[in-house]
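Chain residues, written in single-letter form:
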Amino acid sequence: MKDGKLKKTHQFKNVYNNGQSYANRLLVLYVWENRRKIRRIGYSVSKKVGKAVVRNRIKRLLREIYRHNKDKLEVGYDLIFIARNPIVDASYQQIEAAANNLFAQADIIEG
């Protein structure tokens, strides 16, 4: 199954306004049930987190973490990852643990 991407501002606003948020020290995860048979994901990294190189690295790490874990997630949800400042100093393993923790909090893990 091909996953979709959240790209448009109105798609992000829809998830922000209607979805549920879950947070920890490194990340915030917004989850909204989209009633489709597709999982869509978006990433948001503020300029407060760092310069372009740092922000793009964080987005690459988040995309990779999602790619490794998407098979265990339920279908039919829109997800938005928002990076917080401490993520700059975190390792890949710490970020992956934080993301998995948020998936568990949101109860979107299959099985």
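What comes next concerns the included structure. (Residues numbered from 1 in each chain as written. Predicted model: local features only at pLDDT ≥ 70, side-chain atom pairs only at ≥ 80, totals over all residues. Heavy atoms only, no water.)

Glancing now at the overall build of the protein. Assigned secondary structure in the protein consists of three helices and five strands. Ordered by position in the sequence, the α and β elements of the protein form the string β-α-β-β-β-α-β-α. For 111 residues, the compact-globule estimate of 2.2 N^0.38 gives 13 Å, and the protein sits close to it at 13 Å. Put simply, the protein has 111 residues, and 42% of those count as buried. Carbon and sulfur atoms make up 46% of the accessible area of the protein, which totals about 6,700 Å². (Helix = DSSP H or I, 4+ residues; strand = E, 2+ residues; numbered from the N terminus. Rg over C-alpha atoms; globule rule 2.2 N^0.38 Å. Buried < 20%, exposed > 50% of the residue type's maximum accessible area, 1.4 Å probe, protein only. Areas by Shrake-Rupley, 256 points an atom, 1.4 Å probe, with all protein chains shown as cover.)

As for its position among the elements, valine 15 is in helix α1 (residues 9-18). The class for valine 15 is buried, based on a relative accessible area of 0%. Note: C-alpha distance between valine 15 and glycine 42 (27 residues apart in sequence) is 10.0 Å. Filtering out sequence-adjacent residues up to four positions away, valine 15 remains in contact with Leu6, Tyr30, Trp32, Asp78 and Ile80. (Contact = heavy atoms within 4.5 Å.)

Moving on, we come to the sheet that holds strand β4 (residues 40-44). Strand order across the open sheet formed by five strands is β1-β4-β5-β3-β2, with mixed pairing between neighbours. Of all strands in the sheet, those bounded by a partner on one side alone are β1 (4-5) and β2 (20-23). Both β1 and β4 contribute to a ladder of two bridges, which runs parallel. Looking across to β4, one finds that lysine 5 is bridged to isoleucine 41. Where helix α2 (residues 52-69) meets the sheet, it contacts β3 (27-33), β4 and β5 (77-83), and its direction lies at approximately 155° from that of β4. (Pairing = 2+ DSSP bridges. Axes fitted to C-alpha atoms, helices over the stretch in contact; angles between N-to-C directions.)

Right, let's get into helix α3 (residues 92-106). With 15 residues, α3 should cover 21 Å at 1.5 Å per step; its first-to-last C-alpha distance of 21 Å lies within 8% of that length. Taken together, the buried positions of α3 are Ile95, Ala98, Ala99, Leu102, Phe103 and Ala106. End-on, the buried residues of α3 take up no more than an arc of 140°, which puts them together on one face. Residues of α3 that are buried in the fold lie against β2, β3, α2 and β5. (Expected span 1.5 Å × (residues − 1). Arc of directions from axis to C-beta.)

Of all the five residues making up β4, four are buried; the element is thus mostly covered by neighbouring parts of the structure. Pairing of β4 with β5 involves five bridges; the strand directions are parallel. Along β5, the bridge assignment pairs glycine 42 with isoleucine 80. As for the winding sense of the linkage, the β-α-β connection from β4 through α2 to β5 is left-handed. (Right-handed = clockwise from strand over helix to strand, strands pointing away.)

Let us look at the side chain of glutamine 11. With respect to the secondary-structure elements, glutamine 11 resides in helix α1. What makes glutamine 11 buried here is its relative accessible area of 17%. Within the structure, glutamine 11 has its side chain in polar contact with the backbone nitrogen of lysine 8 (distance 3.0 Å). Filtering out sequence-adjacent residues up to four positions away, glutamine 11 remains in contact with Lys5, Leu6 and Arg40. (Polar contact = N/O pair within 3.5 Å; in protein donor to acceptor, adjacent residues only side chain to side chain.)

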